[in-house]
Amino acid sequence: MNQKQIEVLLTVVGESDVLNFILDQEKPDEYVVNLNSDTSQSELKKVFSKLLELIIENDVKLVLKIAEGYSKVLYMDVCTVYIDDLNREISSVAESVRKDVS
Amino acid sequence: MKIDLHCHTKKVKKGDNEKRNVSLEVFKQKISDADVKIVAITNHNLFDLEQYNIYSEAVSDYCKLWPGIEIDIQEENSSRYHLIVIANPENAEEFSSITKELFDGQDLDTYTLNCKEVYEKLNACDVIYIPHYHKKPGISESDLIKLKTVVNDDSRIFYEPSDHRSLGVFANYNYSVMIGSDVQDWSKYEKSTFADLRLPVETFSQFCMMSKRDNVVINTLLNKKVSYQMIASPHSSVKLNLKIYEDVNIIFGQKGTGKSEILNSLYTSMLAKGKSCEKYIGTEKDYEFKKVLKNTDMEANLSLLGLEDCANDFKAISMWTDTNPTQFSNYINWYETKDNNRNKRRMKITEASKLIENKPKQYDVHEKDKKTIKQILKHFSDIDISMYLNAEKYEQLLLLFKELTDKVFEEFKNDVISKCSCELTNYSIENIKNIADKNSNTISKPSSTGFGEFALKRVKLCKIIKNIINAFLVGSFNEREYIGELEEKGKIYINKRYRMLCDESRTEEFSKGIQKLKQIKKQLYLVLNHIYRDGLNDCLSELKTMIDEESVENLKPFLGLSKQVVTEDGQEYSPSNGEKGILLLQNILNKEADAYFLDEPELGMGNSYIDQNIRPIISGLAKRRKVVVIATHNANIAVRTLPYMTIFREHKNGIYTTYVGNPFNDILQNIDDENDYRSWTTESLHTLEGGEEAFYERKNIYESKTD
């Protein structure tokens, strides 16, 4: 099984705090979640769909990176917990998903 | 009834085969094997009374022997021919003494007589005469005239041709033909071709009377078969009282005289008598064949292809909803309020994550097995096991079954505990969080990001869709049913094909519109492609709408049902119009029934086929005492089957008349006027052969062919 580390960048775009999931190297800005907007849920859904596709073939681990100069502690702490929880859930379901899809 | 009026039991002349000699035991066995009911012993220039009496007695239970002799006849300025003379068995002794007088002391290899001498000596014994006719050494036409003049009673003269055909006595057109075994080798006797009497005579006198077309004798013989008085209606206001036999019954006449109506009303009447009937209508063969190929009698049985109906899968699709990720703002809210209450901070359970609610691996298997065990238990008690097993084995079986039941239940119980404990845990954690939040002015940490549930739901949908799609990839199931046989094509079958919707499917295979079904199938593939994509919900919503609109609840609507005509090797074949008639007719005649009604079966078929294939089947049914009623314009069917009943319909000067009769007495009588009768031969020739002149002209043309 391929080991795949995926960088998740916490940064600011414009005036919004965003989490950028680099799920596709060819499209580095495709999977961005605006943490300040109502659209975050649907954006997260898009991320989940892609993650699901990836975990079928790979052992995925998300790694949170904080953009240089980013200083909001609240978001740094929350995102750390969030990414940890997400990694845990990915591990819990990965085997089951691969088995069901094969 | 088979008869053999040319049978040898002795080698007499030098040219005779040795194997013509037959012992009593062999004679008895061979006559029995051949199932011949009348045999005339006709040795060359010799009648052995002693042998005749012994052999007669030996076979008397199953065969009658008639005394006879085969004589060499030589007329002046003519070539020699063979003449068989057969006497009434009551005059066997007298016949013996006269033949002794004629032949004793003569060279049997060369001795000849003329027909006048034979007649003068032997006619008093009540005899019939059978010259070789177109069979060597055969009688010439001039000698035949001489013989007829001398005998002066055509009913006593028969003709023995050389061709082996299945014959009826008193065939039409003034030739009473008779064929005998002329046995050369008794070891092959039963393979000979014998004449077949349509009416079962018992005595020589009866045979002669039948030849003379004696009505009383003929009716007596006809009435040996069961008949039915039936009402037929060529028109709603007309009722005809007709006698229908358990044999061949023919209806013929010009077009428009109500033959089909008579046939249909007889069919209805026969059904009303509680008889099973089959019907074939020549003009409807195209329509009937289309009916044979309709799939309305086929059931959409998915198990034939080894498939489940996937009803649960379709239901699951209808009820499937997507799961949304936990709002990120829920995490923010938690983090912002987590320090609002110190006691709450200490309740670490409020920060617990949800357990992934996934069924144990074998949950479905154990659940299914538990259901199966329950069903077995239910049926188990219906059997009296002690009828099949002794007490010890019964006890062992019960113990093993109990062990199996306990283990299955135990496994399933563990699965249920595992699953339910997970559900209960998650439920409990949520409730604790809610209560804690209410009482602490805080928001608990979200139990999950929502990814686990999201992933499992999507994967479940993927499995469901794949399960349905895989069903479309299953090959077809075919069932063949023999329908008949065609020349040069061999056996023909109706192939029932069950196959899932595919590119080659045709509209008529499905009860629902094929385009809609194809759209649903296409949409299934689209949903599968979008399982891991953003547009899944739109695709799925469209699929749900399609399924709902077409009321598709399982895979059955996608199972195509069709029938094809195929040859033995499975190749699809399109029979011609005539071939459809042949197959339909064969199919009907091969079915077991009490009565068969055929309306113009000859339509679309060649005469040769009718005579060689259809007529023998009809005759076979008659021998089995089936009622066969045929409305026809075909001479081979109407004449050569020698029907027990002929119904002739005529329309003249605006009046319809019905005549009934048979070929045996050559009479067709008006059912409403006993003084009005016609010749069966004349009417048959006129209606079926285009008239006597046309018939004999054809005969002469055929006979002018040089051998």
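For the structure itself, consult the block above.
This report concerns the structure included in the present document. Because the structure is a prediction, the values reported are computed rather than measured. (Residues numbered from 1 in each chain as written. Chains lettered and ligands numbered in written order. Predicted model: local features only at pLDDT ≥ 70, side-chain atom pairs only at ≥ 80, totals over all residues. Heavy atoms only, no water.)

### What about the overall build of chain A?
Counting its regular elements, chain A contains two helices and four strands. In sequence order, the secondary structure elements of chain A are arranged as β-β-β-α-β-α. In terms of C-alpha radius of gyration, chain A reaches 14 Å, essentially the compact-globule figure of 13 Å for 102 residues. By principal-axis analysis of the C-alpha atoms, chain A measures approximately 45 × 25 × 20 Å. For chain A, with 102 residues in total, the buried portion stands at 49%. Put simply, of all contacts in chain A between residues at least 6 apart along the chain, 57% involve residues at least 24 apart. Accessible surface, chain A as shown: approximately 5,200 Å² in total, 44% of it carbon and sulfur. (Helix = DSSP H or I, 4+ residues; strand = E, 2+ residues; numbered from the N terminus. Rg over C-alpha atoms; globule rule 2.2 N^0.38 Å. Buried < 20%, exposed > 50% of the residue type's maximum accessible area, 1.4 Å probe, protein only. Contact = heavy atoms within 4.5 Å. Areas by Shrake-Rupley, 256 points an atom, 1.4 Å probe, with all protein chains shown as cover.)

### Brief notes about the packing of helix α1 (residues 40-57) of chain A against helix α15 (residues 451-472) of chain B
Across the interface, α1(A) lies against α15(B) with an axial gap of 10 Å and an inter-helix angle of 65 degrees. Relative to α15(B), the crossing made by α1(A) is right-handed. Side by side, α1(A) and α15(B) meet where Lys45(A), Phe48(A), Ser49(A), Leu51(A), Leu52(A) and Ile55(A) of the first sit next to Phe451(B), Phe454(B), Ala455(B), Arg458(B) and Val459(B) of the second. Taken together, the residues of the contact of α1(A) with α15(B) sort by class into eight nonpolar, one polar and two charged. (Axes fitted to C-alpha atoms, helices over the stretch in contact; angles between N-to-C directions. Left-handed = near helix turned anticlockwise from the far one by under 90°. Nonpolar A, V, L, I, M, F, W, Y, C, P; charged D, E, K, R; others polar.)

### Observations concerning the nonpolar core
Core analysis: the biggest nonpolar cluster contains 79 residues, and Phe21(A), Leu51(A), Leu62(A), Ile317(B), Phe451(B), Leu555(B) and Phe558(B) have the highest contact counts within it. Per-element accounting of this core gives the leading share, 13 residues, to α15(B). Ignoring sequence-local partners within four residues, the contact set of Leu51(A) consists of Leu23(A), Val60(A), Leu62(A), Leu86(A), Ile90(A) and Phe451(B). (Core = buried A, V, L, I, M, F, W, Y, C linked by side-chain atoms within 4.5 Å.)

### Describing the pairing of strand β1 (residues 2-13) of chain A
All names here are of chain A. Relative to strand β4 (residues 58-66), β1 runs parallel, the two sharing nine bridges. Bridge pairing links Lys-4 to Val-60 in β4. With antiparallel pairing between neighbouring strands as the criterion, β1 and strand β2 (residues 16-21) make up a hairpin whose turn holds two residues, including Gly-14 at a positive phi of roughly 70 degrees. (Pairing = 2+ DSSP bridges.)

### As for the side chain of Arg499(B)
Residue and element names in this part refer to chain B. Relative to the helices and strands, Arg-499 is located in strand β12 (residues 490-500). A polar contact is formed between the side chain of Arg-499 and the side chain of Glu-509, at a distance of 3.0 Å. Other than its neighbours up to four places away in sequence, Arg-499 contacts Leu-305, Ser-476, Glu-504, Ser-505, Arg-506, Glu-509, Phe-558, Leu-559 and Gly-560. (Polar contact = N/O pair within 3.5 Å; in protein donor to acceptor, adjacent residues only side chain to side chain.)

### Comments concerning the interface of chain B and chain A
A common way to express how large an interface is: the accessible area buried when the components associate. Across the contact, 33 residues belong to chain B and 35 residues belong to chain A. Both faces combined, the contact of chain B with chain A buries some 3,200 Å², and carbon together with sulfur accounts for 69% of it. A per-residue breakdown of the area chain B buries against chain A is headed by Phe328(B), Phe451(B) and Tyr532(B), which together make up 27% of the total. Put simply, chain B and chain A have two salt bridges between them. Between the two partners, chain B and chain A, sit 11 residue pairs in polar contact (both at pLDDT 80 or more). Of all elements in the fold, only α11 (328-337) and α15 of chain B reach the threshold of two or more residues within the side of chain B that touches chain A. Counting residues per element, the side of chain B that touches chain A draws most heavily on α15(B), which supplies nine residues. (Buried area = accessible area lost by both parts, 1.4 Å probe. Salt bridge = Lys/Arg side-chain N within 4 Å of Asp/Glu carboxyl O.)

### Some remarks on the sheet that holds strand β5 (residues 127-131) of chain B
All names here are of chain B. Strand order in this open sheet of six strands is β5-β4-β3-β2-β1-β6, and the pairing throughout is mixed. With partners counted over all chains shown, the strands left at the sheet margins are β5 and β6 (195-196), one partner each. Judged from the five bridges that link them, strand β4 (residues 81-87) and β5 form a sheet pairing that is antiparallel. Looking at the pairing, Ile-86 lines up with Ile-128 of β5. Running over the sheet, helix α2 (residues 49-59) touches β2 (36-41) and β3 (64-73) and is turned about 145 degrees from β3.

### Things to note about the side chain of His530(B)
Relative to the elements of secondary structure, His530(B) occurs in the loop between α16 (514-529) and α17 (536-549). For His530(B), the contacting residues outside a window of four places in its chain are Arg458(B), Gly535(B), Leu536(B) and Cys539(B).

### Remarks on the sheet that holds strand β19 (residues 673-679) of chain B
Residue and element names in this part refer to chain B. Judged by pairing direction, the sheet is mixed, and its eight strands sit side by side in the order β10-β14-β15-β9-β16-β17-β18-β19 without closing on themselves. Strands with a single pairing partner mark the edges of an open sheet, and in this sheet they are β10 (277-281) and β19. Neighbouring strand axes in the sheet, compared pairwise and without regard to direction, differ in orientation by 20 degrees on average. As judged from the four bridges shared by strand β17 (residues 655-662) and strand β18 (residues 667-670), these two strands associate in the antiparallel manner.

### Structural notes on the pattern of salt bridges
Residues and elements named next belong to chain B. Per the stated rule, a full pass over the model turns up 46 salt bridges over all chains. A salt bridge links Lys-121 to Glu-101; its shortest N-O distance comes to 3.3 Å. Taken together, the positions of Lys-121 in helix α4 (residues 115-122) and Glu-101 in helix α3 (residues 92-103) put the pair 20 residues apart, joining distant regions of the chain. When its relative accessible area of 37% is taken as the criterion, Lys-121 is described as partly exposed. Classification of Glu-101 by relative accessible area gives exposed; the value is 56%.

### Re a nonpolar patch on the surface
Together, Met347(B), Ile349(B) and Ile432(B) make up a nonpolar patch on the protein surface, roughly 210 Å² of accessible area in all. Residue classification places Ile432(B) among the partly exposed positions, given a relative accessible area of 31%. (Patch = residues over 30% accessible without salt bridge, like charges linked within 9 Å, V, L, I, M, F, W, Y side chains within 5 Å.)

### Observations regarding the packing of α1(A) against helix α2 (residues 73-101) of chain A
All names here are of chain A. Between α1 and α2, the least distance of the axes is 9 Å, while the angle of their chain directions is 50 degrees. Classified by the angle their axes make, α1 and α2 are oblique. You can see that α1 and α2 cross each other, and the crossing is right-handed. Contacts between α1 and α2 involve Leu-44, Phe-48, Leu-51, Leu-52, Ile-55 and Ile-56 from the first element and Tyr-82, Leu-86, Ile-90, Val-93, Ala-94, Val-97, Arg-98 and Val-101 from the second. Looking at the contact of α1 with α2 residue by residue, the class counts come to 13 nonpolar, no polar and one charged. (Parallel < 35°, antiparallel > 145°, perpendicular 65-115°, else oblique.)

### Digging into the packing of aromatic side chains
Residue and element names in this part refer to chain B. A full pass over the atoms with the stated rule returns 29 aromatic pairs over all chains. A centroid spacing of 5.5 Å and a plane angle of 55 degrees characterise the contact between Phe-47 and Tyr-52, whose relative ring orientation is tilted. Residue Phe-47 shares its accessibility class with Tyr-52, and that shared class is buried. Among the aromatic side chains, those forming a connected cluster through ring pairs are Phe-27, Tyr-55, Trp-186, Tyr-189 and Phe-194. Directly above the aromatic system of Tyr-644 lies the positively charged group of Lys-225, at a separation of 5.2 Å from the ring centroid. Above the plane of the ring of Tyr-335 lies Lys-338, whose end atom (NZ or CZ) is 4.7 Å from the centre. (Phe/Tyr/Trp six-rings, centres within 6.5 Å; stacked < 30°, edge-to-face > 60°. Lys NZ or Arg CZ within 6 Å of the ring centre and 35° of its normal.)

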